[in-house]
Amino acid sequence: MEKWIRLAAAGACAGTVSGLFGAGGGMVLVPLLSAFVQMEEERIFPASVAVILPICLTCLLAFSLTENVSLADALPYLPGSLVGGLLAGKYGERIPAHWLHRGLGVLILWGGIRYLC
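Residues numbered from 1 in each chain as written. Predicted model: local features only at pLDDT ≥ 70, side-chain atom pairs only at ≥ 80, totals over all residues. Heavy atoms only, no water.

## Section: a nonpolar patch on the surface
The following threshold applies: Candidate patch residues must exceed 30% relative accessible area and have no salt bridge, after which like charges are joined if within 9 Å and Val, Leu, Ile, Met, Phe, Trp or Tyr side chains if within 5 Å. Note on areas: Shrake-Rupley, 1.4 Å probe, and residue coverage restricted to the protein chains presented here. Salt bridges are defined as contacts in which a side-chain nitrogen from Lys or Arg sits within 4 Å of a carboxyl oxygen from Asp or Glu. Comment: elements are numbered from the N terminus, with helices defined as DSSP H or I runs of at least four residues and strands as E runs of at least two.
Nonpolar side chains collect at one region of the surface, where Leu 53, Leu 57, Leu 60, Val 69 and Leu 71 lie side by side and expose about 450 Å² of accessible area between them. For the nonpolar patch, the element with the most residues is helix H3 (residues 41–66), which contributes three residues. You can see Leu 71 is positioned in helix H4 (residues 71–74).

## Structural notes on the pattern of salt bridges
Put simply, the test is: Remark: exposure states derive from per-residue accessible area (1.4 Å probe, protein chains only) relative to the maximum for the residue type, with buried under 20%, exposed over 50%, and partly exposed in between.
Applying the stated rule across the entire model yields two salt bridges. Measuring nitrogen to oxygen at the nearest pair gives 4.0 Å for the salt bridge that ties Glu 2 to Arg 6. Linking Glu 2 with Arg 6, this pair stays in helix H1 (residues 2–21), spanning four residues, or about one helical turn. By relative accessible area, which is 30% here, Arg 6 ends up partly exposed. As a salt-bridge pair, Glu 40 and Arg 43 come within 2.9 Å of each other at their nearest N and O atoms. The partly exposed category is assigned to Arg 43, whose relative accessible area is 49%.

## Notes on H3
Here is the rule we go by: By this rule the span expected of a helix is its residue count minus one, scaled by 1.5 Å. Any two residues whose heavy atoms approach within 4.5 Å at even a single point are treated as in contact.
Between its first and last C-alpha atoms H3 spans 38 Å; for 26 residues at 1.5 Å apiece the expected length is 38 Å, and the two agree. For H3, the complete set of buried residues consists of Ile 44, Phe 45, Ser 48, Ile 55 and Cys 59. Looking at the buried side of H3, the elements it contacts are H1, helix H2 (25–36) and helix H6 (97–116).

## Thoughts on the packing of aromatic side chains
Aromatic ring pairs are reported here in terms of the distance separating the ring centres and the angle at which the planes meet. Counted only if it meets this: Whether two aromatic rings pair depends on their centres lying within 6.5 Å, for rings of Phe, Tyr and Trp, where Trp uses its six-membered ring; planes under 30 degrees apart make the pair stacked, over 60 edge-to-face, and the rest tilted. The rule is short: NZ of Lys or CZ of Arg within 6 Å of the ring centre and within 35 degrees of the ring normal puts a charge over the ring.
A complete count under the given rule lists zero aromatic pairs for this structure. The positively charged end of Arg 102 is found above the aromatic ring belonging to Trp 99, 5.0 Å away from the centroid.

## Notes on the packing of H2 against H3
Rules: In this analysis, axes come from line fits to C-alpha atoms, helices being fitted only over the stretch in contact, and the angle between any two N-to-C directions falls in the range 0 to 180 degrees. Should the near helix be turned anticlockwise from the far one by less than a right angle, the crossing is left-handed, and should it be turned clockwise, the crossing is right-handed. Throughout this entry, Asp, Glu, Lys and Arg are counted as charged residues, while Ala, Val, Leu, Ile, Met, Phe, Trp, Tyr, Cys and Pro are counted as nonpolar. The remaining residues, Gly among them, count as polar.
In contact at an axis separation of 9 Å, H2 and H3 are set at 140° when each is read in the N-to-C sense. Considering how the two elements wind past one another, H2 and H3 form a crossing that is right-handed. For the pair H2 and H3, contact is made by Gly 25, Gly 26, Leu 29, Val 30, Leu 33 and Ser 34 and by Glu 41, Ile 44, Phe 45, Ala 47, Ser 48, Val 51 and Ile 52, respectively. For the contact of H2 with H3, the class distribution of residues is eight nonpolar, four polar and one charged.

Treat this as a map of the structure, not an account of what it does.
Following this line, the structure appears as structure tokens:
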């Protein structure tokens, strides 16, 4: 039962980050799944992606109830996002997990520095 509590806490952290910052839940979820529940390296990134979709839909619903959500603003990004997601889903398993972790770490650092400056 303790594992389910840790999984729920990791999901809650990811949802909170996504809701507050508009994205980034996966950046929180990947390290939490690795540290808190000792999930196998090969399952961390796919599990994170599977969790992000419901988080995004929930955040979209919450924002649409309280703010003016413009899906038209998102439309130019959707084709590239779909292609990138399909390619990553198909070929991402060929990339060693430790390289994915390092790449995510670099993106987190770059984003943090960018927002601080």
